[in-house]
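Summary of structural features
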Amino acid sequence: MVKAVIFDLDGLMFDTEPMWTTFWKPTLESLGLPYYEELPDAFRGTAGESSRKVLRTFYGENVDMDAILRRFNDCAREAFAGPVPKNPGREKRV
């Protein structure tokens, strides 16, 4: 049972941003799709229909977007089950 959840949206505690980029290659390879270097940047900050629009731009209208998103989320769950890099923090300015 989950007793608490911490939302760290600005990278204050954990440096997860670089991890998200690494999930694309194994996701797409497992589905037999090509990986494009531009995809992670294009996908960053999207959700819902806007993320599907990005996938359609790279893979066309007939791609199984649900399969891509499911596999991408599976990769994320697997990675985040282990240790996540901690952010070294910000310098305190006086």
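Anyway, here's the lowdown on the structure attached to this text. Throughout, a residue's number is its position along its own chain's written sequence, starting from 1. It should be noted that, the model being predicted, local features are given only for residues of pLDDT at least 70 and side-chain atom pairs only at 80 or more, the latter also being counted only at that level, while totals for whole chains, interfaces and linings use all residues. In computing side-chain values, all of the structure's heavy atoms are included and hydrogens and water are not.

**Concerning the packing of aromatic side chains**
Using the following cut-off: In summary, the pairing rule links any two rings of Phe, Tyr or Trp, Trp by its six-membered ring, whose centres are within 6.5 Å, and it sorts them by plane angle into stacked for under 30 degrees, edge-to-face for over 60 and tilted for everything else. Where helices and strands are cited, they refer to DSSP runs of H or I of at least four residues and of E of at least two residues respectively, numbered from the N terminus. Buried, partly exposed and exposed residues are distinguished by accessible area as a fraction of the type maximum, computed with a 1.4 Å probe on protein chains only: under 20%, between the cut-offs, and over 50%, respectively.
Going through the model one piece at a time under the given rule, you end up with 11 aromatic pairs. Look at Trp20 and Phe80: their rings are 5.2 Å apart centre to centre, the planes differ by 55°, and that puts the pair in the tilted class. Linking Trp20 in helix α1 (residues 17–22) with Phe80 in helix α5 (residues 65–80), this pair joins segments that are 60 residues apart in sequence. In this structure Trp20 comes out as partly exposed when scored by relative accessible area, which is 31%. Between Phe23 and Phe80, the ring centres sit 5.8 Å apart and the planes meet at 90°, which makes this aromatic pair edge-to-face.

**What about the pattern of salt bridges?**
Note the threshold: We define a salt bridge as a contact between a side-chain nitrogen of Lys or Arg and a carboxyl oxygen of Asp or Glu at a distance within 4 Å.
Taken as a whole, this structure holds 6 salt bridges when the rule is applied. A salt bridge links Glu61 to Arg56; the shortest N-O distance between them is 3.8 Å. Residue classification places Glu61 among the exposed residues on the basis of a relative accessible area of 61%. Residue Glu78 is joined to Arg71 by a salt bridge in which the shortest nitrogen-to-oxygen separation is 3.6 Å.

Purely geometric stuff here, so don't read any function into it on its own.
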